[in-house]
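In case you want the letters, here they are:
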Amino acid sequence: MSDLTSTAIEAHGGLERYNHFESVTAHFRTGGALWGLKEQAGVFQHAAVRVDLHRQHASHYPFTAPRLRTSVTPERVAIESESGEVKAERLDPRAAFAGHTLETPWDDLHVAYFAGYAMWTYLTAPFAFAASDFRTEELPSVSENGQTLRRLKVTFPDRIATHSREQTFYFDQNGLLRRHDYTADVLNAGPVAHFTSDYREFDGIMLPTRRRVHPLAADGTVNQELELVTIDIESALFL
């Protein structure tokens, strides 16, 4: 691990504490322009997600109906009943996004896969970076709003479903994540800047409870007027 990786992990609660847990369940609200563009407005207006911390699996609930939930891994996405009965399923879910643009409508399995891998990425960072097959490299620091931010380029292994193989994470002087830049390949819509704030401690782990995602122009300008996705975490429980 790079020095910045270690600093960030310690700032968010430390690897020893994180490894004590198997999962986290977060209750949240989400909004932003993306869901309407995908004809999925209100899909996660108020929901919960359970994420496994040491393997990639995520489940949102309720999903489209009170007693339904999702099950998302890199190889499979499904919609299930509370008892585990499969209502819909798609193998190799990423292939189903071929040829999509930002305006391409999504079906329920598209949105389940996207939301599942995205929330897994957000809720396991920066701890996941300690795995031996993640590659991290500190980039030159930048100044933003009068604050110096240290940047970490992270290359995700092929076994992980995420926005893109390379992503950049920005940490403040205390080691807390403040910004996350990436291109969501399944959207085919260019890069974004994802801002995190309003940190709270849950079971000894620090999580940002406010997330705002904005388009990022080629010259590095952030379009603050357009919120593509908003996420507000109301509570989280590590078990």
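Since this is a predicted model, take the numbers as computed values, not measurements.

**A closer look at empty space enclosed by the protein**
Considering all chains together, one arrives at one cavity of 30 Å³ or more under this definition. Taken as a whole, the largest cavity holds about 40 Å³ of empty space. H12, Y122, A125, P126, L177, Y199, M206, L207, P208 and R211 are the residues that line the largest cavity. Broken down by class, the residue content of the lining of the largest cavity amounts to eight nonpolar, one polar and one charged.

**Regarding the packing of aromatic side chains**
Counted under the stated rule, the structure contains 15 aromatic pairs. Plain terms: the ring middles of W35 and F44 are 5.8 Å apart, the flat faces sit at 80 degrees to each other, and that makes the pair edge-to-face. Residue F44 is classed as buried on the basis of its relative accessible area of 2%. Seen from their ring centres, F129 and F156 are 6.2 Å apart, and the 85 degrees between their planes marks the pair as edge-to-face. With F129 in the loop between α4 (108-124) and β7 (135-144) and F156 in the loop between β8 (147-155) and β9 (166-171), this pair connects stretches of sequence that are 27 residues apart. Connected via pairs of aromatic rings, a cluster forms that spans F28, W35, F44, F63, F97, W106, Y113, F114 and Y117. We note R94 situated over the ring of Y117; from NZ or CZ to the ring centre the distance is 5.4 Å.

**A short note on the layout of surface pockets**
The calculated volume of the largest pocket comes to roughly 340 Å³. Every element with two or more residues in the lining of the largest pocket is listed here: β1 (23-31), α3 (33-37), α4, β11 (191-202), β12 (205-215) and β13 (229-238). Sort the elements by how many residues they give to the lining of the largest pocket and α4 lands first, with five residues. Considered class by class, the residues forming the lining of the largest pocket number 23 nonpolar, four polar and no charged. As a volume, the second largest pocket reaches approximately 210 Å³. In terms of lining residues, the second largest pocket is bounded by 15 residues, among which L53, H54, A128, A131 and R159 are the most central.

**Quick look at the nonpolar core**
Ranked by size, the top nonpolar core spans 66 residues in total, and within it F44, F114 and L123 carry the most contacts. The element best represented in this core is α4, accounting for 12 residues.

**Re the side chain of S164**
As for its position among the elements, S164 is in the loop between β8 and β9. Discounting chain neighbours no more than four positions away, the residues touching S164 are F156, Y182, T183 and D185.

Rules behind the numbers
- Residues numbered from 1 in each chain as written.
- Predicted model: local features only at pLDDT ≥ 70, side-chain atom pairs only at ≥ 80, totals over all residues.
- Heavy atoms only, no water.
- 1 Å grid on protein atoms, 1.4 Å probe; cavity = no way out; pocket = protein on both sides within 12 Å on 5 of 7 lines; lining within 4 Å.
- Points joined across faces, edges and corners; volume = space filled by probe spheres on them.
- Nonpolar A, V, L, I, M, F, W, Y, C, P; charged D, E, K, R; others polar.
- Phe/Tyr/Trp six-rings, centres within 6.5 Å; stacked < 30°, edge-to-face > 60°.
- Buried < 20%, exposed > 50% of the residue type's maximum accessible area, 1.4 Å probe, protein only.
- Helix = DSSP H or I, 4+ residues; strand = E, 2+ residues; numbered from the N terminus.
- Lys NZ or Arg CZ within 6 Å of the ring centre and 35° of its normal.
- Core = buried A, V, L, I, M, F, W, Y, C linked by side-chain atoms within 4.5 Å.
- Contact = heavy atoms within 4.5 Å.

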